[in-house]
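# Residue-level structural notes
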Amino acid sequence: MVKIEEYVSLVGQAVIDDLRLLGERLKGKVVQHINSTPVGGGVAEILNRMVPLLRELEVDTKWDVIKGGEQFFEVTKKFHNALHGRLEEITKRDFEIFMETSQQNIEGVDTYGDIVFIHDPQPIALIKKKASNKWLWRCHIDVSDPNLRVWEFLMDFIVRYDSAVFSAPSFSRKLPIRQFLIPPSIDPLSDKNKELPQETIDSVLRKYGIKKDKPIVMQVSRFDRLKDPVGVIDAYLQVKKYIDCQLILAGGTAEDDPEGFKVLEEVKEKAKNDSDIHILLLPQNDIEVNALQRASDIIVQKSLKEGFGLTVAEALWKGKPVVASNVGGIPLQIKHKYSGLLCHSVEGASFAIKQLLGSPAYSKKLGENGKEHIKNNFLITRHLRDYMLLFFSLYHPEDIVRLC
Amino acid sequence: MLKSIKVKEPFKFCTRLHLSELTGLRATTLGQLLAFIKEVPGSCIYHHTHRFLQQHQYLSPEPPNDFAYWVTDILGEDELGERLVSIDTIQYSTIRDLREKIASTIEDYLKNSSFAKLKFARSGEEFHFIKSVSFILPTTYIAYDLNEFVEVLKKITIDSIYFHIFEARLRLEKPTNDFAFWIENSLGDKGLADNISSFDPYTSTLEGLRNKIIQIVERRVAG
């Protein structure tokens, strides 16, 4: 288990001292996180790392998980897609299934926290149990263009919370409750982001038969249409006409996602005549993802939609020049031409990749700026600080709060 | 000799941490931007004119404020962007005055540029108004003389420097920054206080600012 002191060498002692100052002032409050799964998915990943650190900072932090059957999670997956703006057929029965399971959880889950911190839509109906304690709803989804039927259904619950939290300004809308902007973060000490010896990087390249004889362009993401892997190949092919390079598309397996398999097949079909395109299935192998990112010359994230796009932060933290779509939380991480290049199309992505491959000094500067930006704004230490400030905000409605 | 003077009223270093509060208000045209600038809370104006100092520490001396960036990069109104960039923030002692200057700059521009009114930001590139919520808390660092002061300056967070230089003056409406105030009123060294308050802090990075103040104080201590 990583200790908070281990972050001192990365962010400085004073940043950790500030966290301790905040933690001391939260003594006596119990913060109860509730989500839908203890493992798998971004929310569980971040809670697994944050909960022990919050406890070490003396914030009495608990984590509980709701129960739900297959049908319930099928419905919440549909809600998830619909909130992302995808066309989904949501039936009256879907809403009934959601409410039936929610009712069981309302009866079965003890909401004992002074602060109850609900993550995402699955446990949202627990708000019906609100007593005199404080309740937060954390939305990890891009709801900039949601299916209105689902959004309005959720709004009946959202308005009963004390505050809501979103990852990007474009996800907010006028609400009768306070809403805060807290982007997610990466953990610089995790297997996915920690420094690696060159031998590890070389051995991963050898394992996948990748030579460093030409520049490597890479995208790490699930094989999902919203990540546009086919568009990445199109952009690469346009670059390849002028600059000899290779492309890695690396992502997790898609065993529980039938559409993922279909997308993977399309990608393989598109890549079949080019031996410089490497399609890698990396089931939960964070060290390998880390090694491949570090071996790459340029990292791409050409998503059509993004909850936040933490792979961008991962790449920037490794000092890599990044080309990414101007969607979701990506513009918070990249300021165009200062800490990376933003694009809106295949042509734009291809032009940006060519620019970077042709200008190593410019690429290096963007990577350096990007790393500094991530260090200042998107590491887990900033996330811990924001959550503790959020807890204080529940007891202080004013804009200037003196915690003396 | 100044370095050995210990004062009764020590400098107590505070730090300022902040949360960004979303308002749900968004502008797609210059007209909307102007209307919101006139009516949003002062905490919004403060956020959009100071966010870059803390979030993009490597980018100084530009870009100084969100309004100028959006007008230039999203609407393509370079001339107005330049006018907004050029607003000398240090000359304004209250958020109210700063807001009026920003609003009148946009208003004057719109009077003479009818095409500017017609421009729209594309979907996803709207201007989102955000409020800055500040949390001020004391640190454990205290200085009784200039030697101690400069040693603490070397190790406190840039959030603390930010608080005493920017927030204390503009948001808490104090006549000068906290460092200069203490040096003049507790140490009685008006010359050093003037040195520290005379330069424009908006044209440095926060680390650059830290180093500049350290240099000025160390020179004074050396004597």
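These numbers were taken from a predicted model, which means no experiment stands behind them.

This next bit is on the confidence of the model for chain B. Summarising the model, chain B shows a mean pLDDT of 89, and 94% of its residues fall at 70 or more. Among the scores for the predicted complex, ipTM is 0.88 and pTM is 0.89.

Let us now look at the pairing of strand S6 (residues 178–181) of chain A. Judged by which residues are buried, S6 of chain A turns out to be covered on both faces: Arg178 and Phe180 of chain A on one side and Gln179 and Leu181 of chain A on the other are all buried. By the bridge criterion, 4 bridges tie strand S5 (residues 163–166) of chain A to S6 of chain A in an arrangement that is parallel. Each bridged residue has a counterpart across the sheet, and for Ala164 of chain A the counterpart in S6 of chain A is Gln179 of chain A. Here 3 bridges tie S6 of chain A to strand S1 (residues 11–27) of chain B, and the two strands are oriented antiparallel to one another. Bridge assignment links Leu181 of chain A to a residue of S1 of chain B, and that residue is Ser20 of chain B.

Let us look at the nonpolar core. Ranked by size, the top nonpolar core spans 123 residues in total, and within it Ile118, Leu136, Met218, Val300, Val312, Val323 and Ile353 of chain A carry the most contacts. Among the elements that take part in this core, helix H15 (residues 380–393) of chain A stands out by supplying 7 residues, more than any other. Once you skip the residues sitting within four places of it in the chain, Met218 of chain A turns out to touch Ile248, Ala250, Leu292, Gln293, Ser296, Ile299 and Val300 of chain A. Core analysis: the next-biggest nonpolar cluster, separate from the first, contains 30 residues, Phe13, Leu53, Phe163 and Leu170 of chain B among them.

Residues and elements named next belong to chain B. Within the secondary structure layout, Thr29 lies in the loop between S1 and helix H1 (30–39). When the 17 C-beta atoms within 10 Å are taken as the criterion, Thr29 is described as partly exposed. Taking the C-alpha atoms as reference points, Thr29 and Arg122, 93 residues apart in sequence, are found 9.9 Å from one another.

Turning next to unusual backbone geometry. Residue and element names in this part refer to chain A. The backbone phi angle of Glu58 is positive, close to 75°, even though this residue is not glycine. Tracing the chain through its elements places Glu58 in the loop between helix H3 (42–56) and strand S2 (60–65). Taking the number of C-beta atoms within 10 Å as the measure of exposure, Glu58 has 15 and is therefore partly exposed. Phi angles above zero are rare outside glycine, and Asp120 is one such case at about 70°. Position of Asp120 relative to the elements: it lies in the loop between strand S3 (115–119) and strand S4 (134–138). Note on Asp120: 22 C-beta atoms within 10 Å, which makes it buried.

What links the strands of a sheet is backbone hydrogen bonding, and the strands pair in either a parallel or an antiparallel sense. Residues and elements named next belong to chain A. Read from one edge to the other, the open sheet built from 6 strands follows the order S9-S8-S7-S10-S11-S12, with strand pairing classed as parallel. Because the sheet does not close on itself, it has two edges, and the strands there are strand S9 (277–281) and strand S12 (341–343). Taking each pair of neighbouring strands and ignoring which way they run, the sheet shows an average axis angle of 20°. The pairing of strand S11 (residues 322–325) with S12 spans 3 bridges and is classified as parallel. Pairing of Ser325 across the sheet is with Cys343, part of S12. Along the sheet face, helix H8 (residues 229–240) touches strand S7 (216–220), strand S8 (246–251), S9 and strand S10 (298–301) and points at about 170° away from the line of S8.

Attention now goes to the interface of chain B and chain A. The partner chain A presents 36 residues to the 28 residues of chain B that form the contact. Secondary structure elements with two or more residues in the side of chain B that touches chain A: S1, helix H2 (42–55) and strand S2 (127–143) of chain B. Tallying contributions element by element places S2 of chain B first for the side of chain B that touches chain A, with 9 residues. For the side of chain B that touches chain A, a count of residues per class yields 13 nonpolar, 11 polar and 4 charged.

Reading the values: rules and limits
- Residues numbered from 1 in each chain as written.
- Chains lettered and ligands numbered in written order.
- Predicted model: local features only at pLDDT ≥ 70, side-chain atom pairs only at ≥ 80, totals over all residues.
- pLDDT = per-residue confidence, 0-100.
- Buried ≥ 20, exposed ≤ 12 C-beta atoms within 10 Å, placed from the backbone.
- Helix = DSSP H or I, 4+ residues; strand = E, 2+ residues; numbered from the N terminus.
- Pairing = 2+ DSSP bridges.
- Core = buried A, V, L, I, M, F, W, Y, C linked by C-beta atoms within 7 Å.
- Contact = placed C-beta atoms within 7 Å.
- Axes fitted to C-alpha atoms, helices over the stretch in contact; angles between N-to-C directions.
- Nonpolar A, V, L, I, M, F, W, Y, C, P; charged D, E, K, R; others polar.

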